[in-house]
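One letter stands for each residue in the lines below.
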Amino acid sequence: MAESTEVRNLVYLVTGGCGFLGEHVVRMLLQREPRLSELRVFDLHLGPWLEELKRGPVQVTAIQGDVTQAHEVAAAVAGAHVVIHAAGLVDVFGRASPETIHKVNVQGTKNVIEACVQTGTRFLVYTSSMEVVGPNIKGHPFYRGNEDTPYEAVHKHPYPCSKAQAERLVLEANGREVRGGLPLVTCALRPTGIYGEGHQIMRDFYHQGLRLGGRLFRAIPASVEHGRVYVGNVAWMHVLVARELERRAALVGGQVYFCYDKSPYKSYEDFNMEFLGPCGLRLLETRLLAPYWLLMLLATLNALLQWLLRPLLLYAPLLNPYTLAVANTTFTVSTDKAQRHFGYEPLFSWEDSRTRTIRWVQAMEGSAQ
Ligand SMILES: NC(=O)c1ccc[n+]([C@@H]2O[C@H](COP(=O)([O-])OP(=O)(O)OC[C@H]3O[C@@H](n4cnc5c(N)ncnc54)[C@H](O)[C@@H]3O)[C@@H](O)[C@H]2O)c1
Ligand SMILES: CC(C)CCC[C@@H](C)[C@H]1CC[C@H]2[C@@H]3[C@H](O)C=C4C[C@@H](O)CC[C@]4(C)[C@H]3CC[C@]12C
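Residues numbered from 1 in each chain as written. Chains lettered and ligands numbered in written order. Predicted model: local features only at pLDDT ≥ 70, side-chain atom pairs only at ≥ 80, totals over all residues. Heavy atoms only, no water.

J.: Tell me about the environment of A303, and name the residues and values.
T.: Here A303 shows up in helix α10 (residues 292–309). Put simply, A303 and F93 are 210 residues apart on the chain and 9.2 Å apart in space, counted from C-alpha to C-alpha. (Helix = DSSP H or I, 4+ residues; strand = E, 2+ residues; numbered from the N terminus.)

J.: Help me get a handle on the packing of helix α6 (residues 200–211) against helix α9 (residues 268–276), residues and values and all.
T.: The contact between α6 and α9 brings their axes to 11 Å, and the two run at 80°. Between α6 and α9, the crossing angle belongs to the class labelled roughly perpendicular. On α9, the residues that touch I201, M202, F205 and Y206 of α6 are Y268, N272, F275 and L276. The class makeup of the residues in the contact of α6 with α9 is 7 nonpolar, 1 polar and no charged. (Axes fitted to C-alpha atoms, helices over the stretch in contact; angles between N-to-C directions. Parallel < 35°, antiparallel > 145°, perpendicular 65-115°, else oblique. Contact = heavy atoms within 4.5 Å. Nonpolar A, V, L, I, M, F, W, Y, C, P; charged D, E, K, R; others polar.)

J.: Tell me about the packing of helix α4 (residues 98–119) against helix α5 (residues 158–172), and please be specific about residues and values.
T.: Orientation of α4 relative to α5, taken along the N-to-C sense of each, is 10°, at an axis distance of 9 Å. It follows that α4 is roughly parallel to α5 by the angle criterion. Contacts between α4 and α5 involve P98, I101, H102, N105, V106, T109, K110 and I113 from the former and P158, Y159, S162, K163, Q165, A166, L169 and V170 from the latter. For the contact of α4 with α5, the class distribution of residues is 9 nonpolar, 5 polar and 2 charged.

J.: For the environment of G134, give the residues involved together with the corresponding values.
T.: Mapping G134 onto the fold places it in the loop between β5 (123–127) and β6 (142–145). G134 gets classed as buried once you look at its relative accessible area, which sits at 2%. Sequence separation of G134 and T192 is 58 residues, and the distance between their C-alpha atoms is 9.9 Å. (Buried < 20%, exposed > 50% of the residue type's maximum accessible area, 1.4 Å probe, protein only.)

J.: Tell me about the site of ligand 2, residues and numbers included.
T.: Taken together, 18 residues lie around ligand 2, and S129, E131, Y159, G193 and H226 are the ones closest in. Take S129: an N or O atom from its side chain is 2.7 Å from an oxygen atom of ligand 2. H226 is positioned with one of its side-chain polar atoms (N or O) 2.8 Å from an oxygen atom of ligand 2. For ligand 2, whose unbound accessible area comes to 620 Å², protein coverage reaches 90%. No other element matches helix α11 (residues 321–327), which puts 4 residues into the shell around ligand 2. Classifying every residue of the shell around ligand 2 gives 13 nonpolar, 4 polar and 1 charged. (Near = heavy atom within 4 Å. Polar contact = N/O pair within 3.5 Å; in protein donor to acceptor, adjacent residues only side chain to side chain. Areas by Shrake-Rupley, 256 points an atom, 1.4 Å probe, with all protein chains shown as cover.)

J.: Lay out the state of the cysteines in plain terms, naming residues and giving numbers.
T.: Under the defined criterion, the tally for this structure stands at 0 disulfides. The thiol sulfur of C116 is not disulfide-bonded, and the nearest other cysteine sulfur, from C187, lies at 12 Å. On the basis of relative accessible area, C116 is assigned to the buried category, the value being 0%. (Disulfide = S-S within 2.5 Å.)

J.: Describe the packing of aromatic side chains, listing the residues and the values that go with them.
T.: For the structure shown, the criterion picks out 15 aromatic pairs. An angle of 10° between the planes, with centres 4.4 Å apart, marks the rings of F142 and F331 as stacked. Taken together, the residues F142 in strand β6 and F331 in strand β13 (residues 331–333) connect sequence positions 189 residues apart. Classification of F331 by relative accessible area gives buried; the value is 0%. Geometrically, the ring pair formed by F271 and W350 is tilted, given 5.5 Å between the ring centres and 40° between the ring planes. (Phe/Tyr/Trp six-rings, centres within 6.5 Å; stacked < 30°, edge-to-face > 60°.)

J.: Report on the site of ligand 1, specifying residues and quantitative values.
T.: For ligand 1, the set of nearby residues contains 25 residues, the closest of which are L21, D43, D66, Y159 and K163. One of the backbone nitrogen or oxygen atoms of V67 is found 2.9 Å away from a nitrogen atom of ligand 1. Within the contact set of ligand 1, an oxygen atom lies 3.2 Å away from a backbone nitrogen or oxygen of A86. Those elements giving two or more residues to the shell around ligand 1 turn out to be α1 (20–32), α5 and β8 (193–195). Residues belonging to the shell around ligand 1 are distributed by class as follows: 12 nonpolar, 10 polar and 3 charged.

J.: Any chance you could break down the pattern of salt bridges for me, citing the residues and the numbers?
T.: Oppositely charged side chains can form a pair if their charged atoms are brought close together. A full pass over the atoms with the stated rule returns 17 salt bridges. Close ionic contact of D270 with R218 constitutes a salt bridge, the shortest N to O distance being 2.9 Å. Note that D270 is positioned in helix α9 and R218 in the loop between β9 (215–217) and β10 (228–230), a separation of 52 residues in sequence. Residue D270 is classed as buried on the basis of its relative accessible area, which comes to 19%. (Salt bridge = Lys/Arg side-chain N within 4 Å of Asp/Glu carboxyl O.)

J.: Give a detailed account of the nonpolar core, specifying residues and quantitative values.
T.: Counting residues in each nonpolar core, the largest one holds 73 residues, and the members touching the most others are Y12, L29, L39, I84, L276 and F342. Examining the composition of this core, we find that 10 residues originate from one element, helix α7 (residues 231–247), more than from any other. Apart from residues lying up to four places away in sequence, L276 is in contact with M202, F205, Y206, L216, L281 and V361. Among the nonpolar cores identified, the runner-up in size contains 26 residues, and V67, V77, A115 and V178 belong to it. (Core = buried A, V, L, I, M, F, W, Y, C linked by side-chain atoms within 4.5 Å.)

J.: With reference to specific residues and values, describe the sheet that holds strand β4 (residues 82–85).
T.: The strand order across the open sheet built from 7 strands is β3-β2-β1-β4-β5-β7-β11, with neighbouring strands paired in parallel fashion. Each end of this open sheet is capped by a strand with a single partner; those strands are β3 (59–64) and β11 (255–259). Ignoring which end each strand starts from, the neighbouring axes of this sheet average 20° apart. Contacting β1 (10–15), β2 (36–43), β3 and β4, helix α3 (residues 70–77) runs over the sheet at an angle of about 165° to β2. Running at roughly 175° to β4, α4 makes contact with β4 and β5 of the sheet. (Pairing = 2+ DSSP bridges.)

Written out as structure tokens, the structure reads:
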């Protein structure tokens, strides 16, 4: 809990503050940023849970707004000391058009940067993604890499393209003069696959398992490692780096940091089973039944069906050629840059992260327990 002895004089703005990660960032700020006086939560869709937060010592201001609307962003940013820009359109399933993804993720980020410059806000943390690096569509493994590991980043899909462009804009804006004459200080955090309470895809896998009589079928070889990080630790990294941006501006400004913790390196499905297993699901081995070529065929068929059905309905299953390539390519990070630069240590151990996530799955409606 925040210590009451500190002077509360800082105003923070969290864009996307009602999303999966955003909600954790909001709650973490309230618990762990003792200098906070006002927390502005900006989102296209406001969550009802915000109401309960308004009873604490920090003024919580809910702002229903759209990052693609420059004037709405500028109004929300004006007077804020720090902006954590987590709003984004996370879509690798073809639900939104490439134009919409670009508008929200790239134009939205431009609007946030310009708002900081115009209104005099000096500190900006951007939630980027591992996808600005990879996995690339060539299937090159990124094995326990760090921020300096060379990798052929090839962006074709609209989502990673947009995250890479937005990240570049944020980093290039570091040092720009903001209203009042002082320099803007920016950095970007790159989470790998985030998991934890509120994770929609985990929810989808769980419900799919229940529909299949408590079974899930292995599609990805167990040897493919996929980087995962607990949402509470990603939120903590945001809070910590936001706090340190002023004190360590010369070191942290313009930098990128992978988000990491002590979560084990496993395949995407084996990792999910760490939570879904204790909730009653089993992962069945089907390598002989579903070889890679068959999965690719199904993924391509899904893409074709999506295109054919688009005039009638939205068909957007989890499996498509892009998600198959991401899930089927090793991408894991091993780094201590955030620890060296701003003293980050994971707040939640792997055991805590696992327990919290299992409890959340168990509490879901229709639980197998
Ligand atoms: N989930 C992951 O595994 C993951 C991994 C790496 C990076 N990220 C990044 O983290 C950020 C948060 O992702 P998330 O998983 O919490 O997704 P999410 O969809 O749960 O949250 C995104 C939030 O942004 C809001 N938003 C979308 N369009 C908006 C707009 N036009 N104006 C204002 N708000 C808008 C949504 O309403 C939502 O609340 C994103 O920038 C995403 O790219 C996520
Ligand atoms: C082959 C299928 C059975 C399995 C499909 C799983 C697939 C939906 C998963 C696998 C990997 C997941 C992505 C990965 O964890 C990292 C990110 C980065 C982040 O910025 C946005 C989400 C995303 C793309 C995950 C989406 C879901 C993926 C592709």
